[in-house]
Amino acid sequence: MFTVPTIDISPYLDPSSTPADRAPVARALDEACSTVGFIQVVGHGVDDTTIDGLKTALDEFYALPLDVKKRYTRPGENRGYSPPKSESLSMSLGVAAANQMNDFYEAFTVGSERSWFADSGLPESSYASNTWPDAAPGFRPAVEAWFDAVRSVSRVLLTACTDALGLPAGYFDDMTDHSIDALKMNNYTLPEGEIELAGELTGMGAHTDFGILTVLWADQVPGLQVLDVDGVWHDVQPADGALLVNLGDAMARWTNDRWRSTVHRVDPPVVDGRIIRRRSAAFFFDGNHDALIETLPGCASAERPGYPPITVAENIDAKLAGMKAGVAPEFAEREAQRVKAAL
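An unreviewed UniProt entry lists the chain under the name 2-oxoglutarate and iron-dependent oxygenase domain-containing protein, with Gordonia sesuvii given as the organism. A UniProt comment under Sequence similarities (unreviewed entry) is attached to the chain, and it reads "Belongs to the iron/ascorbate-dependent oxidoreductase family."

Given below as structure tokens:
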């Protein structure tokens, strides 16, 4: 039976914990990453006030008229506002949507800026400045508080991943000290109420995430579906008090698919013939733009050679071009085959 394991990471937040206290967490993480690729994470330390602030910020911005929200678009960039049906996530892997329709959500994206780091030579394309909506004055402080909180969670998880893979402490430090981090806040835009679907709609197309790992907050409503190893889609909702975490393509490539970058999608949330609202906020922990993604020690074999080396920025840029402009990446065939098998 398909289940998303629940893992309490609090030993990794407790400065008094010992390696023996943390070892069961690392073992559970290795098992979950090797089989499902999705985890319900509890004991993460993010307080309810910060979560409530995020919800209020999303409501404030998405309640604005569409023409006002469009003032904050950044065409071709991974920042600012994206209107409904302006993106196709399945094309991040070069797979056209089966219904020939872009994804039915709107989004707002913020992320790491070049000004945050001492190295002024970081490329603007990977560390762009953020756009903040002055028409929603409460949005920026609440989103910045959420960004900082889940950024901390992502680093705790990477420490646990390092232990789970049996790597030396701090193994990934030099690959993540100026990480490209992005927070994409989604609103599924079909109006609430009764609906008769003439054809299949896509809330967010089948895809894998691009980076190291993703930390997701979402409403506890249907919509998110995860693909298992047998090609069957399963509904997944956050458990009470949990954040959903999944691995991205960088970690799958590093581990040569020992750990899974699991294909997932979002269908419009329909319950008893009625569409209900769904909001989500996905924090993408992607690594340094110049970090090389190549097979980790012990993860390649003659029977299963590793992926070709690629930098974090090359991987992200190619997949964003697919998502936003329909340009299929040249090196995502292994990921794309998993999506194609489910169509």
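Caption draft 1: Examining helix α4 (residues 139–164) more closely. Here α4 spans 37 Å end to end across 26 residues, near enough to the 38 Å set by a 1.5 Å rise per residue. Just downstream of α4 lies G166, where phi reads positive at about 70°.

Caption draft 2: Focus on the nonpolar core. By size, the foremost hydrophobic cluster in this structure holds 72 residues, and its most contacted members are W146, M185 and M251. It is α4 that contributes the most residues to this core, 14 residues altogether. Beyond its immediate chain neighbours, meaning those up to four positions away, M185 contacts L54, L58, Y62, E106, A107, F108, V110, F139, V143, S280 and A281. With 16 residues, the next largest nonpolar core counts V4, V36, F38 and A107 among its residues.

Caption draft 3: Seen up close, the sheet that holds strand β3 (residues 80–82). Read from one edge of the open sheet, eight strands run β1-β2-β11-β8-β15-β5-β4-β3, paired in mixed fashion. Both outer strands of the open sheet, β1 (6–8) and β3, are each paired with one neighbouring strand and no more. Ignoring which end each strand starts from, the neighbouring axes of this sheet average 25° apart. Contacting β1, β2 (38–42) and β11 (243–247), helix α1 (residues 19–35) runs over the sheet at an angle of about 155° to β1. Relative to the sheet, α4 contacts β2, β4 (105–111), β5 (179–188), β8 (213–218), β11 and β15 (279–288), its axis offset from that of β5 by approximately 125°.

Caption draft 4: The arrangement of the environment of L320 in detail. Structurally, L320 is set in helix α7 (residues 312–325). For L320 and G76, which are 244 residues apart along the polypeptide, the C-alpha to C-alpha distance reads 8.6 Å.

Caption draft 5: Seen up close, the environment of A149. Among the secondary structure elements, A149 is positioned in helix α4. Residues A149 and T50 lie 99 residues apart in sequence; the distance between their C-alpha atoms is 8.0 Å. Apart from the residues within four sequence positions on either side, A149 is in contact with V46 and T50.

Definitions and limits used
- Residues numbered from 1 in each chain as written.
- Predicted model: local features only at pLDDT ≥ 70, side-chain atom pairs only at ≥ 80, totals over all residues.
- Heavy atoms only, no water.
- UniProt positions renumbered as here; feature names shortened; annotations may be inferred.
- Helix = DSSP H or I, 4+ residues; strand = E, 2+ residues; numbered from the N terminus.
- Expected span 1.5 Å × (residues − 1).
- Core = buried A, V, L, I, M, F, W, Y, C linked by side-chain atoms within 4.5 Å.
- Buried < 20%, exposed > 50% of the residue type's maximum accessible area, 1.4 Å probe, protein only.
- Contact = heavy atoms within 4.5 Å.
- Pairing = 2+ DSSP bridges.
- Axes fitted to C-alpha atoms, helices over the stretch in contact; angles between N-to-C directions.

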